Amino acid sequence: MRGLSEIAPFYLKEASDVFIRIALHDRDAKMREEARGALFKIWDNDIEKRLSKALSDRNSQVRASALRALPPQAGSTFSHILDALKDESADVREAAVWRLRKFRLEETSSLLVELLLDKSGVVRNAAASVLGEMKARDATDPLIALFLGDSEEYVRRTAEWALGMMEDVDIGSHLFLLFHGDVVQRRNSAFVLGALRSKEAFPALLDILKDEAPEIRSASAWALGKIGMKEAIPALASYADDLDREVRKMVAKSLGELKGEDAYRSLLPLLNDKDPEVRAMAVRGIGEVKIRKGEDHLIPLLNDSDPAVCFEAINALGELQSKKGVPLILKRLQEDSSESIRMYAAWALGRSGDPETIGGLVQHLIQHPGSSAAYYGKRALQNFGIKEVLEKIKPYLENKDPLMRYGAVRLLGELKWCEGISFLENLIEDPDIHVREAVALSLGKIGGLSVPDILIRMLSDSIPIVRFQVLEAFDMIRNPKTIPYLISALSDPDFGVRIRASEILDCFIFDPRVRSALQEFKETD
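This section reports on the structure supplied with the text. Bear in mind that the values here come from a model prediction, so they are computed numbers and not experimental data. (Residues numbered from 1 in each chain as written. Predicted model: local features only at pLDDT ≥ 70, side-chain atom pairs only at ≥ 80, totals over all residues. Heavy atoms only, no water.)

Turning to its location among the elements, threonine 77 is positioned in helix α6 (residues 77-84). A distance of 2.7 Å separates a polar side-chain atom of threonine 77 from the backbone oxygen of proline 71. Excluding residues that lie within four positions of it along the chain, threonine 77 makes contacts with Leu70, Pro71, Pro72, Arg99 and Phe103. (Helix = DSSP H or I, 4+ residues; strand = E, 2+ residues; numbered from the N terminus. Polar contact = N/O pair within 3.5 Å; in protein donor to acceptor, adjacent residues only side chain to side chain. Contact = heavy atoms within 4.5 Å.)

Using the criterion set out here, one finds 38 salt bridges in the structure. Note that aspartate 46 is salt-bridged to arginine 50, the shortest N-O span being 3.2 Å. A residue pair is termed a helical-turn pair when its members lie 3 or 4 positions apart in one helix, as aspartate 46 and arginine 50 do in helix α4 (residues 45-54) at four residues. The partly exposed category is assigned to arginine 50, whose relative accessible area is 29%. Linking aspartate 336 and arginine 332 is a salt bridge whose minimum nitrogen-to-oxygen distance equals 2.6 Å. The network of salt bridges with shared partners includes Asp26, Glu472, Asp475, Arg478, Arg500 and Glu503. (Salt bridge = Lys/Arg side-chain N within 4 Å of Asp/Glu carboxyl O. Buried < 20%, exposed > 50% of the residue type's maximum accessible area, 1.4 Å probe, protein only.)

Now for the nonpolar core. If you look at the biggest cluster of nonpolar residues, it comprises 179 residues, and the most contacted ones within it are Leu205, Ile393 and Leu455. Excluding anything up to four places from it in sequence, isoleucine 393 contacts Val362, Ala408, Leu411, Leu412 and Leu415. (Core = buried A, V, L, I, M, F, W, Y, C linked by side-chain atoms within 4.5 Å.)

All right, on to the environment of glycine 325 then. Looking at the secondary structure, you find glycine 325 in the loop between α21 (307-319) and α22 (326-335). For the pair formed by glycine 325 and alanine 313, sequence separation is twelve residues and the distance between their alpha carbons is 9.7 Å. Glycine 325 has contacts with Ile299 and Leu302, leaving out every residue within four places of it along the chain.

We now examine α4. If you check which residues of α4 are buried, you get Ile47, Glu48, Leu51, Ser52 and Ala54. One side of α4 carries all its buried residues, which in axial view fall inside an arc of 155°. Those residues of α4 that are exposed and angled more than 90 degrees off the buried face are Asn45, Lys49 and Lys53. Near the N-terminus of α4, the side chain that reaches the backbone nitrogen of aspartate 46, with its oxygen 3.2 Å away, is that of aspartate 44. (Arc of directions from axis to C-beta.)

Within the secondary structure, isoleucine 499 is located in helix α33 (residues 495-505). In this structure the C-alpha to C-alpha distance between isoleucine 499 and arginine 36, which are 463 residues apart in sequence, comes to 26 Å.

So, about helix α30 (residues 451-458). Of all the eight residues making up α30, six are buried; the element is thus mostly covered by neighbouring parts of the structure. Looking only at α30, the buried set comprises Val451, Pro452, Ile454, Leu455, Ile456 and Met458. Buried residues in α30 make contact with α28 (421-425), α29 (433-446), α31 (464-477) and α32 (483-489).

In contact at an axis separation of 7 Å, helix α17 (residues 245-258) and helix α19 (residues 276-289) are set at 10° when each is read in the N-to-C sense. Overall, the two elements α17 and α19 adopt an arrangement that is roughly parallel. Where α17 abuts α19, its residues Arg245, Arg248, Lys249, Ala252, Lys253, Leu255, Gly256 and Glu257 lie against Glu277, Val278, Met281, Ala282, Gly285, Glu288 and Val289. Considered class by class, the residues forming the contact of α17 with α19 number six nonpolar, two polar and seven charged. (Axes fitted to C-alpha atoms, helices over the stretch in contact; angles between N-to-C directions. Parallel < 35°, antiparallel > 145°, perpendicular 65-115°, else oblique. Nonpolar A, V, L, I, M, F, W, Y, C, P; charged D, E, K, R; others polar.)

Put into structure tokens, the structure is as follows:
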């Protein structure tokens, strides 16, 4: 099916109703984006008025969607954005911030600076990000305040990134406080100079690495890593045995960021640190320097007594694309009680590129179809050959246990390989209702030229919930070939099926057959 933005010019005003409905209400983000593109191509005052009206809708998601649908060239867009910045909903305010990116006006920066104080973290985060993109030097001090004091870590990280984007910032006051302030001021100045990536401050930061206060030493170590000058490696390495845990931890973090053989060798002693947080940071550093021989030091840490160290070891081995670590990582995937560890174990196995992992990944994903590892496991399998993966899935599709067949069908849908369609077609009459439901949904996720005909055959299923899921699949593929069958579903004996068919037909409202059928449905049902 052609994209909505492609068919828009042909249907013009006939299509505006459906495009607005999809842009505001569709559950699929891609469909909403397509509808917005279509509206841009047929834009007129009437569409602008209707979207402007939607900005007052009681539903905040509708208001946010309407704001995103207004093109920059529309005369009222900027004033609507200004109003939306005061909306009671954080989602709407966040959408307004992202829309401000298109308006590089003098007042844009000051508006965004005000939003750095918004009560919602997502809004503050968006404002910091846009200010960073703009390289708005006048926002440096407010961003510093956000970086040092925000309650949300993800906001502080975005503020740090934004500060790193700034150019030609005067650091004189921060250098002064680095030596003449109290402990808190000196520590904060070190953090700020690191966030600003100030090479000019490098000698001063090296100097305070020797400070007697551990807070200053740790802040200096962190900043030296951010500035990224490899000349810092020997100095940092000399503090790998510092008495303060936080200093050792920041040394490990910065060595990982600086990379290279010297940083790698300096990290090795920290892998045996008595403190698990320091070991975990050193493990992460080994992964970041990406020196393959590091895997020999990481594999034993998969059995570390601390879960955080084990977690970082799995990540680091994934970064190194380690094959040596596969047996132990596979064991973690199958046996570990931590969702996070299983999730990243699946990711690391995919990174290894070792075909020996396929069977273990398939088994885990089929037996645990809704687990956190499912996403990374699917991505991992997509790194391997389609034929090899399908050969491992096939026995589960033929298993006597319906749970195994169900899990295998869901996995085929997640993989979205057209080669899986024939396997699914063989199960459209499976004796288990849940398997048939999963078949319909998986076919919808895969799509393809042959899928509509297979789904049409499933629409005669005796079980209403299966027919309902077939309609869900129709909604995913949105193929005009399904229109007659959707119209027929308006007469289905099940009320839920009839209602869902009418909702999906709304997407084809530009078709005269659909308008007529829906009108009759509204009058009779």
